[in-house]
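Examining the three-dimensional arrangement
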Amino acid sequence: MFAFIGIAMLLVYALLVFYIGWSGWSWMKPVVSARFRILYIICIIFLSSAFILGRLFGNAAFLSVIGSYWMAAFSLLIILLPIVHLSLWLIRLTRLRHHELHKWAGAATLVIFLGLMGYGSFNAYSPVVRNYEIQLDKPAGDLDDLNIVMVSDMHYGGLSGAAHARKMVEEIQALQPDLVLYAGDIIDDDLSAYLNKGIDKIMAEVKAPLGVYAVLGNHDKDKNSTQELIESLEESHIQVLHDKSIQIGNNLTLIGRKDRTEDDRAELSELIDGVDLTQPVLLMDHQPYDLDIAGQQGVDVMLSGHTHRGQIAPFHLITGAIYENDWGYLQKNSFHSIVSSGYGFWGPPIRTGSRSELVQLQLSFRQP
């Protein structure tokens, strides 16, 4: 069954690649030589294969890089080209002059495509800080307020590398957090790439008085073992809450869940059992599902990532349909949900439906 689905997906992908290749061919055929057109066909075959080969042969980093940029181009063109072709067809139905229309449409498509690539790359590599202020109707001992920085979905290891990590560390430290939280997908399925680039050493530079904590996401899986990743993170002074809870300064409880993809993930009711619900309760869960359950169990603030808010438009419409809160802030009675669009990206190094970000959460508490 899985083999059949895989073959079907490859066939669909091949047809879409043919559509993109044919669109470029029909535009350039009247204006370029036959030799260049042959080179064009070879390039399309190589680029469209690079993403798949890069995933099959993980040690071929250059294929993964080329494949990621190809997927960026593929994602944009598969949305842009049908709009262009539909526009051309509608114009031809009118009495408007359409002499050399095809040539100018091709040039306009190229300009728009390059503009979207630049815009998407800027959004991916130029993070912003999203600020949220929440007042909880619970005392937190001698804490009046708490400055939390939360980051998710860095996907370190490929095109989100050491430079991006160094920028993140500098931005976190500039916010002077009391507490730093990583909400999953720290690596991009490959621990060796993360370690070889020295990102673990860069991450170790993050300091916060009340500590640095993390949960794992669906891409925090290495071909060797999850335990090796946990050990690496903890060597970087990041405590991983893998279905665990911890008291922060004896004033509030922080719970970290295993990812939804883990078969042995504990129920939230098990993790909340014994927790003092008269004090603030924070939950890190990589995927923002079951908000009502978290609220009913006594969680005050749930921090998540995973969605990337679709990353490339119009996929943000899909994440908006799947998740009750696919990005930003949502309050339901006394329960608060914050979902980050993420600091990095998965696959294509572009964002046209969202922008990379850090989340700064200013919590204030009721005085006893």
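This text goes with the structure placed above it.
Report on the accompanying structure. (Residues numbered from 1 in each chain as written. Predicted model: local features only at pLDDT ≥ 70, side-chain atom pairs only at ≥ 80, totals over all residues. Heavy atoms only, no water.)

Side note on the sheet that holds strand E2 (residues 145-151)
We apply this condition: When DSSP finds two or more bridges between two strands, those strands count as paired. To qualify as a helix, a DSSP run of H or I must reach at least 4 residues; to qualify as a strand, a run of E must reach at least 2; elements of each kind are numbered from the N terminus.
The 6 strands lie next to each other as E1-E12-E2-E3-E4-E5, forming an open sheet whose pairing is mixed. Both edges of this open sheet fall to strand E1 (128-136) and strand E5 (239-240), since each of them pairs with a single strand only. Inspection of the sheet shows E2 paired to strand E12 (residues 357-365) by 6 bridges, in the antiparallel sense. Residue Val-149 lies in a different strand from E12, and its bridge partner there is Gln-360.

Points about helix H5 (residues 162-174)
In plain terms, the rule: Here a helix's expected span is defined as the number of its residues, less one, multiplied by 1.5 Å. Each residue is assigned to one of three classes by its accessible area relative to the maximum for its type, calculated with a 1.4 Å probe on protein chains only: buried under 20%, partly exposed between the two thresholds, exposed over 50%. Note that the arc is computed from the directions linking the helix axis to the C-beta atoms. Note on contacts: a residue pair is in contact if any heavy atoms of the two residues lie within 4.5 Å.
An ideal rise of 1.5 Å per residue puts 18 Å on 13 residues; H5 measures up with 18 Å between its terminal C-alpha atoms. Those residues of H5 that fall on the buried side of the exposure criterion are His-164, Ala-165, Met-168, Val-169 and Ile-172. Angular distribution of buried residues about the axis of H5 spans 140°; they occupy a single face of the element. Turned more than 90 degrees off the buried face of H5, the exposed positions are Ala-163, Glu-170 and Ala-174. Where H5 is buried, its residues meet helix H4 (101-125), E2, strand E3 (179-183), helix H7 (199-203) and E12. Downstream of H5 by one or two residues, Gln-176 has phi in the positive range, about 50°.

Things to note about the packing of aromatic side chains
Under the convention used in this document: Only Phe, Tyr and Trp rings take part, Trp by its six-membered ring, and two of them pair if their centres are within 6.5 Å. Stacked means planes under 30 degrees apart, edge-to-face means over 60, and tilted covers everything else. The rule for a charge over a ring is simple: NZ of Lys or CZ of Arg within 6 Å of the ring centre, and within 35 degrees of the ring normal.
Here the structure, examined in full by the defined rule, presents 5 aromatic pairs. Ring geometry for Trp-70 and Phe-74: centres 6.0 Å apart, planes at 45°, overall tilted. Of the two residues, Trp-70 and Phe-74 are both situated in helix H3 (residues 61-92); the distance of 4 residues between them amounts to about one turn of the helix. Neither Trp-70 nor Phe-74 differs from the other in exposure class; each is buried. Joined through ring pairs, the aromatic side chains of Tyr-13, Trp-70 and Phe-74 make up one cluster. Its end group placed over the ring of Tyr-289, Arg-260 keeps NZ or CZ at 3.8 Å from the ring centre.

Let's talk about the nonpolar core
Our working definition: Among buried residues, those of type Ala, Val, Leu, Ile, Met, Phe, Trp, Tyr and Cys that are joined through side-chain atoms within 4.5 Å constitute a nonpolar core.
Counting 30 residues, the largest nonpolar core has Met-168, Tyr-182 and Met-203 as its most contacted members. Contributing elements (two or more residues each) for this core: E2, H5, E3, helix H6 (191-196), H7, strand E4 (212-215) and helix H8 (226-235). A total of 4 residues in this core trace back to one element, the largest contributor, which is H5. Those residues in contact with Tyr-182, other than ones at most four positions away along the chain, are Val-151, Met-154, Met-168, Ile-172, Met-203, Val-206, Val-212, Tyr-213, Ala-214, Val-215, Ile-238 and Met-284. Counting 26 residues, the second-largest nonpolar core is a separate cluster that includes Leu-146, Tyr-213, Leu-361 and Phe-365.

As for the pattern of salt bridges
Two side chains of opposite charge can pair, provided their charged atoms sit close to one another. To keep it simple, the criterion reads: We count a salt bridge whenever a side-chain nitrogen from Lys or Arg sits within 4 Å of a carboxyl oxygen from Asp or Glu.
Inspection of every chain in the model, using the stated rule, returns 9 salt bridges. With its nearest N and O atoms 2.7 Å apart, the salt bridge here joins Glu-357 to Arg-130. With Glu-357 in strand E12 and Arg-130 in strand E1, this residue pair connects regions lying 227 residues apart in the sequence. Classification of Glu-357 by relative accessible area gives buried; the value is 0%. Where Asp-285 meets Arg-265, a salt bridge forms, and the shortest distance between an N and an O atom there is 3.0 Å. Residue Asp-285 is found in the loop between strand E8 (281-284) and helix H10 (291-296), and its partner Arg-265 is found in the loop between strand E7 (252-256) and helix H9 (268-272); the two are separated by 20 residues along the sequence. Here Asp-285 falls in the buried class, since its relative accessible area comes to 2%. A network of salt bridges, in which partner residues are shared, links Arg-257, Arg-265 and Asp-285.

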